[in-house]
Structures are given as C-alpha cells and as structure tokens.
Amino acid sequence: MKRKKLNLLIALFVLFFYLVSSYFIYSFNSIKIGDEFEQQYYDIVTATASEDFQSVGEFIKFVDMNTTRFPSRFELYEIADEKPKFSAKSGSMIYVNIYHGDTGKGEEVFCFLDDYINNEISEKLGRINLNYALVRFDYNMADGKCVPVFAQFENIMNGDLSEEIVFSEEPAQYSCVYSENDIDTEIRFDYFLIDADKNSLHQKTYALIDNELEALDLDEAFDNCKNSISGPEMFMTYNTVFINGEEYFYIGHGRINLFAETISSDNFKGYMYEQTFVFAVVSAVIFILINKYYSKREKLNEAKQAFISAAAHELKTPLAAIENHSECIIENVMPQKNDKYIRTIHSECLRMNKLVSDLLQYNRLASAEKIEKTACSLSDIVNEEAKQYLLSAHDKNIVLEMDIAPDINIKANENLIALVVDNYLSNAVRYTANGGRIMIKLEKQKLGFRFSVFNEGSKIDKETAATLWDIFYKSDKSRNSSDNSTGMGLAICRQILEFHNFRYGFDNKADGVEFWFKN
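Calculation criteria
- Residues numbered from 1 in each chain as written.
- Predicted model: local features only at pLDDT ≥ 70, side-chain atom pairs only at ≥ 80, totals over all residues.
- Heavy atoms only, no water.
- Patch = residues over 30% accessible without salt bridge, like charges linked within 9 Å, V, L, I, M, F, W, Y side chains within 5 Å.
- Areas by Shrake-Rupley, 256 points an atom, 1.4 Å probe, with all protein chains shown as cover.
- Salt bridge = Lys/Arg side-chain N within 4 Å of Asp/Glu carboxyl O.
- Lys, Arg positive; Asp, Glu negative; His and termini not counted.
- Charge placed at Lys NZ, Arg CZ, Asp CG, Glu CD.
- Helix = DSSP H or I, 4+ residues; strand = E, 2+ residues; numbered from the N terminus.
- Buried < 20%, exposed > 50% of the residue type's maximum accessible area, 1.4 Å probe, protein only.
- Axes fitted to C-alpha atoms, helices over the stretch in contact; angles between N-to-C directions.
- Parallel < 35°, antiparallel > 145°, perpendicular 65-115°, else oblique.
- Left-handed = near helix turned anticlockwise from the far one by under 90°.
- Contact = heavy atoms within 4.5 Å.
- Nonpolar A, V, L, I, M, F, W, Y, C, P; charged D, E, K, R; others polar.
- Core = buried A, V, L, I, M, F, W, Y, C linked by side-chain atoms within 4.5 Å.
- Pairing = 2+ DSSP bridges.
- Polar contact = N/O pair within 3.5 Å; in protein donor to acceptor, adjacent residues only side chain to side chain.
- Phe/Tyr/Trp six-rings, centres within 6.5 Å; stacked < 30°, edge-to-face > 60°.

Asker: I'd like to hear about a negative patch on the surface, residue by residue, with values.
Answerer: The grouping of Asp 217, Asp 219, Glu 220 and Asp 223 at the surface amounts to a negative patch. By the secondary structure assignment, Asp 217 is in the loop between helix 4 (203-214) and helix 5 (218-223). Look at Asp 217 and you get partly exposed, because its relative accessible area is 42%.

Asker: Go over the packing of helix 1 (residues 3-50) against helix 2 (residues 56-66), please, and point to the residues and values.
Answerer: At their nearest, the axes of helix 1 and helix 2 sit 10 Å apart, and the two run at 155° to each other. Of the possible angle classes, the one that applies to helix 1 and helix 2 is roughly antiparallel. Of the two elements, helix 1 crosses helix 2, and the hand of that crossing is right-handed. Contact residues: helix 1 offers Gln 40, Ile 44, Ala 47 and Thr 48, while helix 2 offers Phe 59, Phe 62, Val 63 and Asn 66. Each residue belonging to the contact of helix 1 with helix 2 can be placed in one class, and the counts come to five nonpolar, three polar and no charged.

Asker: Give me the nonpolar core: which residues, what numbers.
Answerer: Of all hydrophobic cores here, the largest spans 50 residues; its most connected members are Ile 417, Tyr 424, Phe 451, Phe 515 and Phe 517. Secondary structure elements with two or more residues in this core: helix 8 (338-367), helix 9 (378-387), strand 16 (409-412), helix 11 (414-430), strand 17 (437-445), strand 18 (448-456), helix 13 (489-499) and strand 20 (512-518). Residues in contact with Phe 451, not counting those within four places in the same chain, are Val 382, Val 421, Tyr 424, Ile 440, Lys 441, Leu 442, Phe 515, Trp 516 and Phe 517. By size, the runner-up hydrophobic cluster in this structure holds 27 residues, among which are Phe 37, Phe 59, Ile 194 and Tyr 250.

Asker: Help me get a handle on the pattern of salt bridges, residues and values and all.
Answerer: Here the structure, examined in full by the defined rule, presents 14 salt bridges. Where Arg 73 meets Asp 114, a salt bridge forms, and the shortest distance between an N and an O atom there is 3.4 Å. Taken together, the positions of Arg 73 in strand 2 (residues 72-80) and Asp 114 in the loop between strand 5 (105-112) and helix 3 (119-125) put the pair 41 residues apart, joining distant regions of the chain. A salt bridge links Arg 450 to Glu 514; the nearest nitrogen and oxygen atoms lie 3.1 Å apart.

Asker: Before we move on, could you go through the sheet that holds strand 7 (residues 145-155) and cite the residues and values that matter?
Answerer: Two orientations exist for strands paired in a sheet by backbone hydrogen bonds: parallel and antiparallel. Overall, antiparallel pairing links the four strands, which are arranged 8-7-6-9 in an open sheet. With partners counted over all chains shown, the strands left at the sheet margins are strand 8 (162-166) and strand 9 (174-177), one partner each. Between one strand axis and the next, the sheet turns through 15° on average, direction left out of account.

Asker: How would you summarise the side chain of Asn 155 if you had to cite specific residues and measurements?
Answerer: Inspection of the secondary structure puts Asn 155 in strand 7. At 3.0 Å, the side chain of Asn 155 forms a polar contact with the backbone nitrogen of Asn 158.

Asker: Just give me the short version of the environment of Ile 229, but keep the residues and values in it.
Answerer: Mapped onto the elements of the fold, Ile 229 is located in strand 11 (residues 227-230). Beyond its immediate sequence surroundings of up to four residues, Ile 229 is in contact with Met 234, Phe 235 and Met 236.

Asker: Help me get a handle on the packing of helix 9 against helix 11, residues and values and all.
Answerer: Where helix 9 contacts helix 11, the two axes come as close as 9 Å, and the packing angle between them is 45°. Classified by the angle their axes make, helix 9 and helix 11 are oblique. Of the two possible hands of crossing, helix 9 and helix 11 adopt the one that is right-handed. Each of Leu 378, Ile 381, Val 382, Glu 385 and Ala 386 in helix 9 lies in contact with helix 11, whose residues at this interface are Glu 414, Ile 417, Ala 418, Val 421, Asp 422 and Leu 425. Here the residues of the contact of helix 9 with helix 11 are counted per class, giving eight nonpolar, no polar and three charged.

Asker: So, the pairing of strand 18: which residues are in play, and what are the values?
Answerer: Looking down a regular strand, the side chains alternate between one sheet face and the other. With seven of nine residues buried, strand 18 is to be regarded as a mostly interior element. Examined bridge by bridge, strand 17 and strand 18 share eight bridges and lie antiparallel to one another. Following the sheet pairing, Lys 441 is matched in strand 18 by Ser 452. Here strand 17 hands over to strand 18 after two residues, the two strands then running antiparallel side by side. Relative to strand 20, strand 18 is paired through seven bridges, and the arrangement is antiparallel. What sits directly across from Glu 456, in strand 20, is Gly 512.

Asker: For helix 13, give the residues involved together with the corresponding values.
Answerer: Burial runs high along helix 13: nine of the eleven residues are buried. If you check which residues of helix 13 are buried, you get Gly 489, Leu 490, Ala 491, Ile 492, Cys 493, Gln 495, Ile 496, Leu 497 and Phe 499. Backbone geometry just after helix 13 places Asn 501 at a positive phi near 60°.

Asker: How would you explain the packing of aromatic side chains if you had to name every residue and give the values?
Answerer: Pairs of aromatic rings are described using the distance from one ring centre to the other and the angle between the two planes. Evaluated as defined, the whole model comprises 33 aromatic pairs. Ring geometry for Phe 502 against Phe 517: centres 6.1 Å apart, planes inclined by 5°, an arrangement best described as stacked. Remark: Phe 517 occurs in strand 20 and Phe 502 occurs in the loop between helix 13 and strand 19 (503-508); sequence separation between them is 15 residues. According to the relative accessible area criterion, Phe 502 is buried, its value standing at 10%. An aromatic cluster is defined as three or more aromatic residues linked by ring pairs; in this entry it consists of Phe 37, Tyr 41, Phe 53, Phe 59, Phe 62, Phe 70, Phe 74, Phe 235 and Tyr 250.

Asker: Tell me about the side chain of Asn 140, and name the residues and values.
Answerer: Examined against the element boundaries, Asn 140 turns out to sit in strand 6 (residues 132-142). A distance of 3.2 Å separates a polar side-chain atom of Asn 140 from the backbone oxygen of Pro 171. Among the polar contacts made by the side chain of Asn 140, one reaches the main-chain amide nitrogen of Gln 173 at a distance of 2.5 Å. Setting aside residues no more than four positions away along its own chain, Asn 140 makes contact with Lys 145, Cys 146, Val 147, Val 149, Glu 170, Pro 171, Ala 172 and Gln 173.

So, in structure tokens, the structure goes:
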C-alpha cells in the first residue's frame, strides 16, 4: 500500500476513534449533568417542605441561591379563599441586611430586579461576575415593596473596575454603603443576577420557561399540589411552603438544554482538552513511525537497486576479461601468451571470489537483526591486526607508528571489529605513498575509547565524503581493475559500527586523513 493512502486511512481511523470516544465522554457528562439537574430540584422540594421561612424575600433568596447553576423560575402564591394569589417570583435580586449593633436587631431588604431591568441595564449587569462585590445600594419603598434606584459594584480583584447601575432617576429615600469601619451599623450585601445577560447560554431556556408558566392553568396546577414531573431536561413541581407560619403555594419550573450545558461545562472541556492532546500525540507518533518505516523501506529498496546495479557492474568487468582471454586460448590466437592469459583469468577469478565474499558479508550484516557480542580486548585486536601490515609497510618504506593503550576492554563481536580495524589499516597502507607515514592510535577517554588510523596523503573532498561510506565506493573513479579493492570495505565497516552503536568518521588533517571510531 502506498504511503499517502496508508496515511489517509490512519487519519480516518484516528478521527473515527476520536469521534467515538468524544461521544462517550459527552454521554458520560450528559448523564452526570442530567442527574445533578434533577437532584437540585429534588433537594429544593425536600428543603422547602421542612423549613419555615421568615419572609417571602427569604424564600426567593433561598431558591435563587440553590438554582443559579441551571435555568429555573419559582412563582410564589398566597392561598386566599382556597385560591392562589400571586405574591412573588424568583429572578435577579439584591439582598441587604442592615445589622444595628446598638440594639442587636437586624433589618432585611429584598429587592426583586426583574421588573426594572431594560436592555441597557441588562448589558451592564451581564459584565458583573463573581469578582464583583456590591458596595452601594439606593432604593425607595412603595406599598411595602423595594424599588431600586442605584447600585454600584466594584471588582475585588481590580479596584479600578466598577459598574454603576441607574435603575431610576427618582431621588432615593434610603442609601446603604459598605464600610469596614462602621462598628455600630453593619451592612451585608448579597445579589443574584439570574439571566441578566441577554447573550447568555440560558437566555432562550428562560424565555421558554416563562412562556410555559404563562400558559399554565393555575387552577389545574393548584389541584395537582405536591406533584412533580421530572426528566433529564425538565422539572416541574407544584408544592406548598410555610412562610412566617402561613402556608403558600409555589410552582417550580426548571429546564436545561442538555447538549449546550454539556459542551459548555468545564468538566467536559477538561476531558476534551486532555483527549485532544492525547490523540494529537498518539497520531503524531503513529505518523512518524509509519513514515519512518516507509522511509526506511524506500531507502532499503533504493539500496537494493543500487546494490544489484553496482554488483552487476563490478562482476561484468572481470567476466568480460575472463571471456576475452578464454576465447584467445581456445582459438589459439597467440600461443606464446597463453600463460599470461591463464594468469589473468586466475587473477580475475580471485578478484570475483573476494567480491562475492564481500557481497555475502554485506548482505548478512544488512539483513541481520542483531549480532552476538562478548567481552574482548580491543588492545589485543589492534595489535594483532597491525602485525599483519608490518611487511606491507616495510615494502613501501612507510613509517608505521603505534600508540596503543593497554587493557582497553569492550563488549563486541571480536571478528567483526577486527574486520573494521583491518579495513582501516589496509586502506591506510594502500593510499600512503612510498616513504609516507601511518599513525595507529588507541586511547582511553572519560567515557570509553577512541581508535584512529592516520595516513599521509591527499585530503578527501566534500563530493567524495558524501558517498565515502556507501557500497561500492572507490576513491579511484575509473575503477581500475589493477586495484584489488572491491569498494565495499567502508560500507561493511559502517554496518558493523552501527550494530555496535559506535560513532565513526574521518577528519582531514594538514598532511593527510584520519579515520576513527569510538564508543
């Protein structure tokens, strides 16, 4: 399967699981929110049945405090002549408790704001959040009813921010101001802004609740007293409550848009942020691994193609020489040269044999998943391999210097590491001119060792360096058949060193080149 197609399928697969898991997270939170919604109204009904409130305002304050999370409306009715008479309803309100220290008595003022809120006031109230405190409230009293005139809110986190709400241009009879220094009279403020912001999530739900309450048959509701209707998104109760010893009738109606409540909840958002992060990381890892796998496979295919092409090219030359010289012998073209032809055929056969051996060695390393490693002495390996080149160096008048630290032990495949050392040394002897110098060095370092072979000679240019460790590389671009090299030595060294997780490379020096590897 092509990489693009596989990436697309994986992207669709990950997206599918993301959507499925998102749905389960949504369902879990929906059930939780629905249960909390029903529990809220169950708790209110239970509490109002056992509590005797001191005033209508105290009852409205109670239901406002306990229903601020979900949209609700409570309408309170006096029971007169066995018929309900409207008294008050829940909604936005300001509560003021004026405590007189000299008398030890308190005075409570409940101001219901809904009848005094217009669009301009609603916009201002919508900017007020839990960081705001009510610090001043002016009002009038008319027929026992509190009429708001002015309210001032200050941001307790930033004292420079405040909101002033003018409800009426009428002069105020009463003004309450918060003061920390007033010992004789303490004023306690509280406020509940229910759906004050017209752009809020609950606006449409409140409108639906009010419409349903307006269309409700009050007599039928009164006849169904102490009945409740509940569901995952709706709650309706008809019940009674005692206020200052008198029995009242109230209708409680709550609704939620479960979808909107769920996706806007902090709990759901938190889960989705975590899930999105996890899926993003997992997706990135999957795509990286797949593309790495494909890149590796493509690189392997390219290497195989290059291997086959180069192997065919390398084998073609000696085969052509063998064919040509064999024909000369068979046809007896020049009998006096038959001995030379036979020697050439033998030489090419030896060269082909070495080439095939190197090919098999390279193929074994390329296809191997791991190699066997044992404890061995790198010092002994280097010393033994260096001895084999003493005669070759002497024949070319090469000065062979050695600085080999003793007792450097490593865990490695001894035969393969010896092959690397041998290749470094054979290249150094081959490319060092007569009378030149070779320096073999093995030294201890803080974190291990460093082995290097320096030989005097020409430097390696950038173009050559790019392919130096590739298979069938030869510094002699003409691939002269007199050169006994197969061009696979450094490629085999690379495979071996990478199996051992050894770092390797070469450095151009002032008068030559140094090849090295280290752990």
